[in-house]
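Here's the letter readout for the chains.
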Amino acid sequence: MGNRVAREDYEWVYTDQPHADRRKEILAKYPEIKSLMGPDPRLKWIVCMMVAIQFLAFYLVKDLDWKWVLFWTYAFGSCINHSMTLAIHEVSHNTAFGNNKAMWNRYFAMFANLPIGLPYSASFKRYHLDHHRYLGGDGVDVDIPTEFEGWFFCTRFRKFVWIILQPLFYAIRPLCINPKPITQLELTNVAVQLTFDFLLYWLWGAKPVVYMLAGSMLGMGLHPISGHFIAEHYMFLKGHETYSYYGSLNLLTFNVGYHNEHHDFPSIPGRRLPMVKKIAAEYYDDLPQYTSWVKVLYDFIMDDALSPYSRIKRKLKGDVKQE
């Protein structure tokens, strides 16, 4: 438990990310993939159903004993809330209402944000599009852990703690790496969310609020679904910076496991990403992939060659146009 990770820095590269070139090559060979782009008409109804389920859960837990509140928080609430964060990820790519109704997507993301308890949908979009455009970009891509995370979380036990605290680091990392001026949309997101949280407490007491907030924290920490945080871009194999997962948890996560396909075609909704893999199979079948997010978490903790430093980084050239 006390072995230190040998890696003391990121994996610095001097090449561009692979996704733009692969996208061009695939579209040249399979132009029919363009027909998969555009909004997913089912997405908004699925999100509404998930929000309604959590509202019902808030009502049901208000009269439970605390031990059962905590049980259902981890067993059910954490799964739904993590899935809601990935719904917001989908909506950030305008897949609910399309690019022509961008603001509809922003406000719908705030609606999807309600059961999570913490206002983040407006900020997430700004930083997430930078992640796609400048994957691994030093000082821009806030998906990359900070120097402190790489330096401090360098033993098995500390990596275990780091995974538990993932929601905290995802929240504070943008302030350390790439702080941006607060926008009116972000202020609206905060006001809407805090009003909802207060009304929930006023109507039904503390238990639904604990169920909501703890569910979000637990679901994005030590949880099977949170394996995707590690699986997507941590360098388990030298030179590979994006990995896909094709297991059953994609059913709960809007196919976020199809991550190479997603970065190649971010405007294609998650529901259609398996079709990308099917059409252009020769581009994806031989790429490194996972079959278990739980195993990813276990391997990350137990492998002394892996740490928060196990990320590919690159210095950006030319004009950097951020969201």
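Small disclaimer: the values here were computed from a predicted structure and weren't measured.

Reading the values: the criteria
Residues numbered from 1 in each chain as written. Predicted model: local features only at pLDDT ≥ 70, side-chain atom pairs only at ≥ 80, totals over all residues. Heavy atoms only, no water. Helix = DSSP H or I, 4+ residues; strand = E, 2+ residues; numbered from the N terminus. Core = buried A, V, L, I, M, F, W, Y, C linked by side-chain atoms within 4.5 Å. Buried < 20%, exposed > 50% of the residue type's maximum accessible area, 1.4 Å probe, protein only. Contact = heavy atoms within 4.5 Å. Axes fitted to C-alpha atoms, helices over the stretch in contact; angles between N-to-C directions. Left-handed = near helix turned anticlockwise from the far one by under 90°. Nonpolar A, V, L, I, M, F, W, Y, C, P; charged D, E, K, R; others polar. Expected span 1.5 Å × (residues − 1). Arc of directions from axis to C-beta. Patch = residues over 30% accessible without salt bridge, like charges linked within 9 Å, V, L, I, M, F, W, Y side chains within 5 Å. Areas by Shrake-Rupley, 256 points an atom, 1.4 Å probe, with all protein chains shown as cover. Salt bridge = Lys/Arg side-chain N within 4 Å of Asp/Glu carboxyl O. UniProt positions renumbered as here; feature names shortened; annotations may be inferred. Parallel < 35°, antiparallel > 145°, perpendicular 65-115°, else oblique. 1 Å grid on protein atoms, 1.4 Å probe; cavity = no way out; pocket = protein on both sides within 12 Å on 5 of 7 lines; lining within 4 Å. Points joined across faces, edges and corners; volume = space filled by probe spheres on them.

With that settled, consider unusual backbone geometry. A positive phi angle, close to 60°, is found at Asn 94, a residue other than glycine. In this structure, Asn 94 sits in the loop between helix H3 (66–92) and helix H4 (102–113). Backbone geometry places Asn 255, a non-glycine residue, at a positive phi of 60°. Mapped onto the elements, Asn 255 comes out in the loop between strand S2 (244–245) and helix H12 (259–264).

Let us now look at the nonpolar core. Residues Val 47, Met 84, Trp 162, Ile 230 and Phe 300 are the most contacted members of the largest nonpolar core, which totals 37 residues. Only helix H2 (43–61), H3, H4, helix H7 (156–164), helix H11 (227–233) and helix H15 (293–302) provide two or more residues apiece to this core. Per element, the largest residue contribution to this core is 6 residues, and it comes from H3. Residues in contact with Trp 162, not counting those within four places in the same chain, are Pro 145, Glu 149, Phe 153, Phe 169, Arg 173, Ile 230, Tyr 234, Phe 300 and Pro 308. Membership of the second largest hydrophobic core comes to 14 residues, among which are Leu 36, Phe 265, Tyr 283 and Leu 287.

Quick look at the packing of H2 against helix H9 (residues 184–204) now. In the contact formed by H2 and H9, the axes pass within 10 Å of each other and the chain directions differ by 35°. Of the two possible hands of crossing, H2 and H9 adopt the one that is right-handed. For the pair H2 and H9, the contacting residues are Phe 55, Phe 58 and Tyr 59 in the first and Phe 196, Leu 200 and Trp 204 in the second. Counted by class, the contact of H2 with H9 contains 6 nonpolar, no polar and no charged residues.

On to the environment of His 128, then. As for its placement among the helices and strands, His 128 is situated in helix H5 (residues 121–133). Expressed as a C-alpha distance, the spacing of His 128 and Lys 277, which sit 149 residues apart in the sequence, is 23 Å. Setting aside its immediate chain neighbours within four residues, His 128 contacts His 89, Ser 92, His 93 and His 262.

The subject of this paragraph is helix H8 (residues 166–177). When the terminal C-alpha atoms of H8 are compared, their 16 Å separation across 12 residues agrees well with the 16 Å that a helix rising 1.5 Å per residue should span. All of the buried residues in H8 are Gln 166, Pro 167, Phe 169, Arg 173 and Pro 174. Here the buried residues of H8 occupy an arc of 165° about the axis, which is enough to place them on one side. Away from its buried face, by an angle of more than 90 degrees, H8 presents the exposed residues Ala 171, Leu 175 and Cys 176. In this structure, the buried side of H8 is in contact with H5, helix H6 (147–152), H7, helix H10 (206–219) and H11.

Our focus in this paragraph is a nonpolar patch on the surface. Side chains of Leu 56, Tyr 59, Leu 60, Phe 198, Leu 199, Trp 202, Leu 203 and Trp 204 sit close together on the surface and give an oily, nonpolar patch of about 890 Å² of accessible area. Element by element, the count of residues in the nonpolar patch is highest for H9, at 5 residues. Tracing the backbone shows Phe 198 in helix H9.

With numbering aligned to this structure, UniProt lists the feature "transmembrane region" (unreviewed entry) at residues 43–61, 68–87 and 107–124. Across residues 68–87 one finds 100% helix and 0% strand; the C-alpha atoms that close the span lie 27 Å apart. The annotated region residues 107–124 carries 61% helix and 0% strand content, and the separation between its end C-alpha atoms amounts to 13 Å.

On to the packing of H7 against H15. At a minimum axis separation of 8 Å, H7 and H15 run at an interaxial angle of 140°. With respect to their mutual orientation, H7 and H15 come out oblique. Between H7, through Arg 156, Lys 159, Phe 160, Trp 162 and Ile 163, and H15, the contact on the second element is made entirely by Leu 297, Phe 300, Ile 301 and Met 302. Of the residues assigned to the contact of H7 with H15, the class counts are 7 nonpolar, no polar and 2 charged.

In this section: the pattern of salt bridges. Evaluated as defined, the whole model comprises 17 salt bridges. Of the charged contacts, one joins Arg 126 and Glu 186 as a salt bridge, the two residues approaching to 2.9 Å between their closest N and O atoms. Placement of Arg 126 in helix H5 and of Glu 186 in helix H9 is noted, with a sequence separation of 60 residues between them. Classification of Arg 126 by relative accessible area gives buried; the value is 14%. The exposure class assigned to Glu 186 is buried, which follows from its relative accessible area of 9%.

Of the pockets and cavities examined, the largest pocket occupies roughly 1100 Å³. In this structure, the largest pocket is lined by 36 residues; those nearest its centre are Tyr 120, Phe 124, Tyr 170, Ala 171 and Pro 174. Listed by contribution, the elements that provide at least two residues to the lining of the largest pocket are H3, H5, H8, H9 and H11. Class assignment for the residues of the lining of the largest pocket results in 23 nonpolar, 8 polar and 5 charged. Roughly 550 Å³ of volume is contained in the second largest pocket. What lines the second largest pocket is a set of 24 residues, and nearest its centre among them are Gln 17, His 132, Arg 133, Tyr 134 and Leu 135. Only helix H1 (19–29) and H5 provide two or more residues apiece to the lining of the second largest pocket. Among the elements that line the lining of the second largest pocket, the one with the most residues is H1, at 5 residues. Considering only residue class, the lining of the second largest pocket consists of 9 nonpolar, 5 polar and 10 charged.

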